[in-house]
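# A look at the structure
Listed below, chain by chain, are the residues.
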Amino acid sequence: MAFLSIERITKTFGTLTTVKGVDLAVERGEFITLLGPSGCGKTTILRMVAGFETPTSGTIRIDGKDVTNLKPHQRNIGMVFQAYALFPNMTVADNIAFGLKVARKSGSEIASRVKEMLELIKLPQVAERYPYQLSGGQQQRVALARALAIKPQILLLDEPLSALDAKIRVSLREEIRAVQRQLGITTIFVTHDQEEALSMSDRVCVMSEGRIEQLGTPFEIYNYPKTRFVASFVGTLNILSGRVSDGAEGRIVVDGQEIVTSRGLNGASTGDALAVALRPEALSIGRANGSSNNLEGTIDEVHFLGSVVRIRVRFKESAVSLDTFNRPNAAPPERGQPITVNFGREDILVLEGAPN
Amino acid sequence: MKQSRLFPWIGFIFGAIYFLVPLIATFEFSLRMQRGIYSFKAYQVVLADPGFQASFSYSALIALATIIVGVALVVPTAYLVQLKLPRLRPVVEFMTLLPLVVPAIVIVFGYLRMYNSSSWLPMTGSARSTDLLLIFAYVTLSLPYMYRSVDTALRTIDIRTLTEAAQSLGSSWPRILIQVILPNIRVGVLSGAFLTFAIVIGEFTMASLLNRPAFGPYMQLIGANRAYEPAALAVIAFAITWACMGLIQLVASFSPGQKR
Ligand SMILES: Nc1ncnc2c1ncn2[C@@H]1O[C@H](COP(=O)(O)OP(=O)(O)OP(=O)(O)O)[C@@H](O)[C@H]1O
Ligand SMILES: [Mg+2]
């Protein structure tokens, strides 16, 4: 059985249901990320695990024990907040020691644990400083140390990096992951940054409007998105709307042009609307022969990004973006120019659910 | 000087004259007890008066008790209202303002009706219980100032996240209040405390009607019967108030954990 198991939890605030029957099983030592747009219920789930909110229905189990109705201070869960939330009146050492003092540990034990934690976050020199004397990145590392000092069963992080600037964010996410691996602590990380989610996690849980859209490894989520939402939220996938012209052979008509998938479309009947996704890196310019698909369109937009030129090709209703390398000797692509885009049959991802 | 600067300056000078001239005149008068020369004789007389010492220490003690009761009442209330019942905030704010609207004399007459020696709770029955009543009365009187200082201080920190951080570290409510919230609103609590002190030291109506030997009635007594001493007393009272204000500034600038 999973170490942390969230079973069919729902949360309703007044008339608004923000979490709608979520099931999630997190294995011991796993790093799972909740990824989704603002307001999709990520924080609410985290707060229910921490005990700051009680689910309207459903059960939360930690190590087999039902904790659904336990108070936060009875759960032994470490929490890191976006706003750091260090106690401003205490030094770094006192902040880290707080949870240990609450647990009535001996003075010598507290001292050695604080030292150990400061070394873990690579900030042994700041013990006597106050939070306002630290940078944002340092404060967040101290907050991590404070949460970990009590040896929690589970570590929860709610967008811990959003308040930091881009460079620190990247280095700190590596650091958080390293610490997590070193301690082997079961972790739930919340973010709305897809790159953060893909780069850090064992598994990513993509959420939308209070539901889980897809749960899988970063590789699965990125390469095989199941729904249109996941495809558009994770990465810069191109999404085309089409209609089935021959289900068994996998033929789909997009803006009057036919494309063929490598596998047949099970259960689809002629005339069904559906959505397919194409990764930008699967697209190339020019007409390809053999079994590849070709779509004819016109160049809609050209963005010169340096070594890469990003162009957008419009068919009729749909459009795709793709990157080409900059070639100083060739004429640059121009808006309005007709162009053919080709891609392999196996590159077409057929998305679940109704297209919209 | 530019035209636009002129009027504020005139206003400032007028205000300063309005405030300072009587003060200087009082001070000057208080120095004239001995014929022909300036001296601090009046101050010596006042400070040496056992009545002064007794009433001042009585009032100081009552003020201290008022502060303790006030803080114990206001801090948890303001904290819980902000954290759990934000919709109740206007109601609580209105209630804390009532003592400014209802005159002290009305409050004290109400007390005398409610708690006289033949009522079901005869708090005016003995001197000690009347002291207690006086303390509660002063808590009410200082409520607008204490609540406002504490509430403002609470707004400057993120009490929700700090509370949740402490909770997830295993902390109970009393510990959160005493170790996390109180130290971070120290400046607000102390300025509320000094304002309370200044109010209690000078208060006359309640102490007098409850017949307690406080500093306010003592000042009134001296004022009615002597010539130079009241002036000296007024200056001393001013000095105490200013000392309180100065202390507010001082604690605001010396607090660990905050940028200076
Ligand atoms: N205490 C509350 N009372 C009422 N509504 C709430 C409460 N907490 C959250 N909500 C609502 O629940 C929804 C989900 O909120 P939640 O904070 O879980 O989103 P989120 O995914 O964390 O978003 P973000 O990325 O912006 O942090 C929002 O519409 C929010 O307004
Ligand atoms: Mg959130």
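Before reading on, note that the structure itself is shown above.
Notes on the structure follow. Fair warning: this is a prediction, and the values are worked out from it, not measured in the lab.

Moving on, we get to the interface of chain B and chain A. Taken together, the contacts link 20 residues of chain B with 23 residues of chain A. Summed over both sides, the interface between chain B and chain A buries roughly 2000 Å², with carbon and sulfur atoms accounting for 64% of that surface. Seen at the junction of chain B and chain A, the total is 1 salt bridge. Scanning the region where chain B abuts chain A turns up 3 residue pairs in polar contact (both at pLDDT 80 or more). Ranked by residues supplied to the side of chain B that touches chain A, first place goes to helix H7 (residues 159-168) of chain B with 7 residues. Partitioning the side of chain B that touches chain A into residue classes produces 7 nonpolar, 9 polar and 4 charged.

For the rest of this paragraph, the subject is the environment of A:Ile212. All names here are of chain A. Counting through the fold element by element, Ile212 comes out in strand E10 (residues 211-216). Residue Ile212 is classed as partly exposed on the basis of its relative accessible area of 26%. Residues Ile212 and Arg169, 43 residues apart in the sequence, show an inter-C-alpha distance of 26 Å. Once residues within four sequence positions are removed from consideration, Ile212 is found in contact with Val22, Asp23, Leu24, Cys205, Val206 and Met207.

Glancing now at the site of ligand 1. Residues and elements named next belong to chain A. Around ligand 1 sit 13 residues in total, of which Thr18, Ser38, Gly39, Thr43 and Thr44 are the nearest. Cys40 places a polar main-chain atom, nitrogen or oxygen, 3.2 Å from an oxygen atom of ligand 1. Within the side chain of Thr44, a nitrogen or oxygen atom sits 2.5 Å from an oxygen atom of ligand 1. Look at ligand 1: alone it shows 640 Å² of surface, and the protein chains cover 60% of it. Where the shell around ligand 1 is concerned, the elements lending two or more residues are strand E2 (16-26) and helix H1 (42-50). Broken down by element, the residue count for the shell around ligand 1 peaks at 3 residues, all from H1.

Residue and element names in this part refer to chain A. Within the structure shown, the criterion is met by 27 salt bridges over all chains. Between Asp202 and Arg177 there is a salt bridge, with its nearest N and O atoms 2.7 Å apart. Of this pair, Asp202 sits in the loop between helix H6 (194-200) and strand E9 (203-208) while Arg177 sits in helix H5 (residues 166-183), placing them 25 residues apart in sequence. The salt bridge involving Glu258 is made with Arg251; its shortest N-O contact spans 3.0 Å.

Cut-offs and rules
Within each chain, residues carry numbers counting from 1 in the order of the written sequence. Whichever chain is written first becomes A and whichever ligand is written first becomes 1, with later ones labelled in order. Given that the model is predicted, a residue must reach a pLDDT of at least 70 before its local features are reported, and side-chain atom pairs must reach 80 or more before they are shown or counted; all residues, however, enter totals for whole chains, interfaces and linings. Hydrogens and water molecules were not included; the side-chain quantities draw on all heavy atoms of the structure. Contacts between residues were defined by any pair of non-hydrogen atoms, one from each residue, lying within 4.5 Å. Here the buried area means the combined drop in accessible surface, using a 1.4 Å probe, for two parts upon being joined, counting both sides. A side-chain nitrogen of Lys or Arg and a carboxyl oxygen of Asp or Glu constitute a salt bridge if their distance falls within 4 Å. Identification of polar contacts relies on pairs of N or O atoms within 3.5 Å, with a donor-acceptor requirement for protein atoms, meaning one able to donate a hydrogen and the other able to accept it, and with residues adjacent in sequence counted only if both atoms are side-chain atoms. Secondary structure elements follow DSSP: runs of H or I no shorter than four residues count as helices, runs of E no shorter than two count as strands, and numbering proceeds from the N terminus. Here the nonpolar group is Ala, Val, Leu, Ile, Met, Phe, Trp, Tyr, Cys and Pro; Asp, Glu, Lys and Arg are the charged ones; every other residue, Gly included, is treated as polar. For each residue, the accessible area found with a 1.4 Å probe, counting protein chains only, is set against the maximum for its type, and the residue is called buried under 20%, exposed over 50%, and partly exposed in between. Put simply, a residue is near a molecule or strand once any heavy atom of it comes within 4 Å of that molecule or strand. For the area figures, the Shrake-Rupley method with a 1.4 Å probe applies, and any residue is considered shielded solely by the protein chains shown.

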